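Residues per chain, in single letters:
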Amino acid sequence: MPIYEYRCESCGFQKEHIQKMSDPQLDTCPSCGQPTYVKLLSAAGFQLKGNGWYATDFKGGSSAAPAKADNAPAMGGCGGSCACHPS
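This section reports on the structure supplied with the text. All residue numbers refer to position in the chain's written sequence, counted from 1. Given that this is a predicted model, residues contribute local features only at a pLDDT of at least 70 and side-chain atom pairs are listed and counted only at 80 or more, while totals for whole chains, interfaces and linings are drawn from all residues. Values shown for side chains rest on all heavy atoms present in the structure; no hydrogens or waters enter the calculation.

**Some thoughts on the sheet that holds strand 3 (residues 37-39)**
By the convention used here, strands pair only if DSSP detects at least 2 bridges between them. Segments assigned H or I by DSSP are reported as helices when at least four residues long, segments assigned E as strands when at least two residues long, and all are numbered from the N terminus. Overall, antiparallel pairing links the three strands, which are arranged 2-1-3 in an open sheet. Two strands in the sheet have a free side with no partner beyond their single neighbour: strand 2 (14-18) and strand 3. Between one strand and the next, the sheet's axes are offset by a mean angle of 35°, whatever the strand orientation. Examined bridge by bridge, strand 1 (residues 3-8) and strand 3 share three bridges and lie antiparallel to one another. What sits directly across from C8, in strand 3, is Y37. An axis is simply a line fitted to the C-alpha atoms; with a helix, the fit covers only the stretch in contact. Between two such axes, the angle follows the N-to-C directions and lies from 0 to 180 degrees.

Okay, structure coming up:
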């Protein structure tokens, strides 16, 4: 089950809660009882390891040759190997 982090906008109380994805969002602060308990957005707590698609597609495992340095001015200074120049 996912872990969600909540914080009260009234008193600042903050806590993690284990909930099913289908459970309703909590809104009452367990500390002060106010209806200002909101879910926070946080980063995922896991890393992908090994040699799956994520390693080859997102870890710089590109087989494309780097652009030549003399093409850099014509490409706007980025060398054409950025997201603004599709290959």
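**A word on the environment of Y37**
Within the secondary structure, Y37 is located in strand 3. Whether two residues are in contact is decided by their heavy atoms, any of which lying within 4.5 Å being enough. Not counting residues within four places of it along the chain, the set of residues in contact with Y37 comprises Y6, R7, C8, F13, K15, H17, L26, D27, T28, C29 and P30. In this structure the side chain of Y37 is engaged in a polar contact, spanning 2.9 Å, whose partner is the side chain of H17. Any pair of N or O atoms that falls within 3.5 Å is considered a polar contact. Within protein, one atom must be able to donate a hydrogen and the other to accept it, and sequence-neighbouring residues count only if both atoms are side-chain atoms.

**Here's the deal with the packing of aromatic side chains**
Aromatic contacts are taken between Phe, Tyr and Trp rings whose centres are within 6.5 Å, Trp giving its six-membered ring; a plane angle under 30 degrees counts as stacked, one over 60 as edge-to-face, and the others as tilted. Here the structure, examined in full by the defined rule, presents two aromatic pairs. With a centroid separation of 5.2 Å and an interplanar angle of 20°, the aromatic rings of Y6 and Y37 are classed as stacked. Placement of Y6 in strand 1 and of Y37 in strand 3 is noted, with a sequence separation of 31 residues between them. Note on Y6: relative accessible area 0%, which makes it buried. The interplanar angle of 25° and the centroid separation of 6.3 Å between the aromatic rings of F13 and Y37 together place this pair among those described as stacked. In this pair, F13 sits in the loop between strand 1 and strand 2 while Y37 sits in strand 3, placing the two residues 24 residues apart along the sequence. Among the residues examined, F13 registers a relative accessible area of 28% and is labelled partly exposed. Aromatic rings pair up to connect Y6, F13 and Y37 into one cluster. By the criterion adopted, a ring carries a charge over it if an Arg CZ or a Lys NZ lies within 6 Å of its centre and within 35 degrees of its normal. Across the ring face of Y4, the terminal group of K39 is positioned such that the distance to the ring centre comes to 4.1 Å. Throughout, exposure labels follow a simple rule: accessible area from a 1.4 Å probe, protein chains only, divided by the maximum for the residue type, with under 20% read as buried, over 50% as exposed, and the rest as partly exposed.

**What about the pairing of strand 1?**
The alternating pattern of strand 1 places Y4, Y6 and C8 on a buried face and I3, E5 and R7 on a face that is not buried. Relative to strand 2, strand 1 runs antiparallel, the two sharing five bridges. By the bridge assignment, Y6 is partnered in strand 2 with K15. Taken together, strand 1 and the strand that follows it, strand 2, pair antiparallel across an intervening segment of five residues, in which G12 is found at a positive phi of about 85°.

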